[in-house]
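Commentary on secondary and tertiary structure
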Amino acid sequence: KKLGIALVGLGSYSTYQLAPALQDTQHCYLAGIVTGTPNKKQIWKEKYAIPEKNCYDYENFDSIKNNPDIDIVYVVLPNSMHADFCIRAAKAGKHVICEKPMAMNVEECDAILAACKKAKVKLGMGYRLHSEPYTQEIKRLIKEKTFGEVRYVNAEAAYYSGGNPNQWRLNKALSGGGALVNMGVYSIQSLIYGTGENPIAVCAQEYSTRPEYFKDTDETITAQFKFKSGAVGHMMTSHNINANKLHVNCSNGWFVLEPANNYGPLSGITSNGTKFNFPHESQQKLQMDDFAKHVLYNAPNLAPGEMGRRDMVIVEAIYRSIAKGGSWQVLSLGA
Ligand code: NAD
């Protein structure tokens with residue numbers, strides 16, 4: 001059986017990544033759309049042969065509960081709309097995939113988790129890298145301690161933003177934050193799978209060089225992390241710098257992914273000169289198939305909602321540290 005996915009929000013990520021990937025998925029397919037733009041509905045209906053009864057707008061979305069064609073609702077809207085649509089999807093009895101960042105704050109993440117639990121539906125994050133072989137190789141090297149104990153990890157996820165200054169990503173009411181909630185989430189994720197553990201404390205700094213463009217949201221943030229094992233981490237995220245890297249330094253060598261978190265193909269090398277070499281497939285295809293297998297066959301949920309919440313706890317601690325002049329913030333995330 002193939003599960004039916006409805007994409008909510010037909011912006012650039014749905015248009016150029018998710019919908020094309022859903023043409024190749026084996027365990028799910030593009031069954032429906034939810035859009036606020038009638039013109040897009042016509043285009044998508046024709047392009048992907050989506051029946052009228054599987055097309056919704058933001059107002060009639062809740063009636064999706066009566067539609068057996070839709071098993072999974074994938075929320076791909078501006079961040080401020082994630083909680084509302086994830087909760088409505090759960091109430092409609094649909095499994096949910098939520099794009100990153102999970103929501104505007106930890107409180108909203110808790111509300112999404114509670115709604116999914118109450119409705120007994122599965123919740124996954126759009127963290128595509130967990131289904132991707134280069135990232136899985138990093139996790140394997142860490143788990144098997146191939147290069148010994150991790151001592152230092154550096155993660156960079158950033159891009160130069162020079163487009164429309166009024167885009168929702170630069171509007172805090174719609175985004176919840178700037179570079180940190182957009183690309184910074186990848187740096188946080190990299191630090192965690194690059195050490196194999198959750199951080200126990202963080203301190204952070206913010207830099208602003210183009211305040212006329214970044215009126216409302218953070219431009220560049222660096223943060224330092226302590227881990228229980230003694231490992232030390234550093235991250236950088238920015239809307240003003242192009243960078244995309246994960247560097248793990250261990251007691252007996254190192255390994256690097258660069259790029260580490262774009263749509264791929266990724267590239268990696270170790271201190272003994274071995275290049276990572278995996279066939280490239282759409283990360284989004286792998287991610288949506290992994291989630292569908294979780295729903296269908298109880299395969300592991302590689303990026304559960306709790307992971308999205310954990311990252312939001314770290315995001316809030318970073319903003320808190322900056323507000324308190326860069327002081328260390330203790331994190332109680334467990335192992
Ligand atoms: P986008 O701006 O291209 O699309 C946003 C969509 O939301 C548009 O279709 C727009 O019409 C709709 N929308 C509804 N209400 C809106 C409002 N008030 N303001 C602006 N747009 C509104 O954005 P995107 O790049 O597709 O990002 C959507 C979500 O996907 C975000 O949460 C983003 O972080 C996430 N994303 C994830 C990845 C990834 O690699 N996992 C990549 C890109 C985006």
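Here's a quick rundown of the structure.

What counts, and at which threshold
Residues numbered from 1 in each chain as written. Predicted model: local features only at pLDDT ≥ 70, side-chain atom pairs only at ≥ 80, totals over all residues. Heavy atoms only, no water. Near = heavy atom within 4 Å. Polar contact = N/O pair within 3.5 Å; in protein donor to acceptor, adjacent residues only side chain to side chain. Areas by Shrake-Rupley, 256 points an atom, 1.4 Å probe, with all protein chains shown as cover. Nonpolar A, V, L, I, M, F, W, Y, C, P; charged D, E, K, R; others polar. Domains from an automatic or database assignment. Pairing = 2+ DSSP bridges. Helix = DSSP H or I, 4+ residues; strand = E, 2+ residues; numbered from the N terminus. Axes fitted to C-alpha atoms, helices over the stretch in contact; angles between N-to-C directions. Parallel < 35°, antiparallel > 145°, perpendicular 65-115°, else oblique. Contact = heavy atoms within 4.5 Å.

**A short note on the site of the ligand**
Taken together, 21 residues are adjacent to the ligand, and S12, N79, K100, R128 and W168 come closest. At 3.1 Å from an oxygen atom of the ligand is found a main-chain nitrogen or oxygen belonging to G11. Here K40 contributes a side-chain N or O atom positioned 2.9 Å from an oxygen atom of the ligand. Taken by itself the ligand offers 840 Å² of open surface, and the protein chains cover 79% of this. Looking at the shell around the ligand, its residues break down into 11 nonpolar, five polar and five charged. Counting contributing residues per domain, the shell around the ligand is built from domain 1 (3-126) and domain 2 (129-279 + 304-330), each supplying no fewer than three.

**Focus: the pairing of strand β7 (residues 150-160)**
Alignment of β7 against strand β11 (residues 240-250), held across nine bridges, turns out to be antiparallel. Each residue of the ladder has a partner; that of N154, found in β11, is H247. One ladder, built from seven bridges, connects β7 with strand β10 (residues 232-238); its direction is parallel. Within β10, the position partnered with A158 by the bridge is S238.

**As for the packing of helix α4 (residues 106-119) against helix α10 (residues 305-323)**
Between α4 and α10, the least distance of the axes is 9 Å, while the angle of their chain directions is 170°. By the angle class used here, α4 and α10 are roughly antiparallel. Residues V106, C109, D110 and L113 of α4 touch α10, and the partners they reach there are G305, E306, R309, M312, V313 and E316. Within the contact of α4 with α10, the residues separate by chemical class into five nonpolar, one polar and four charged.

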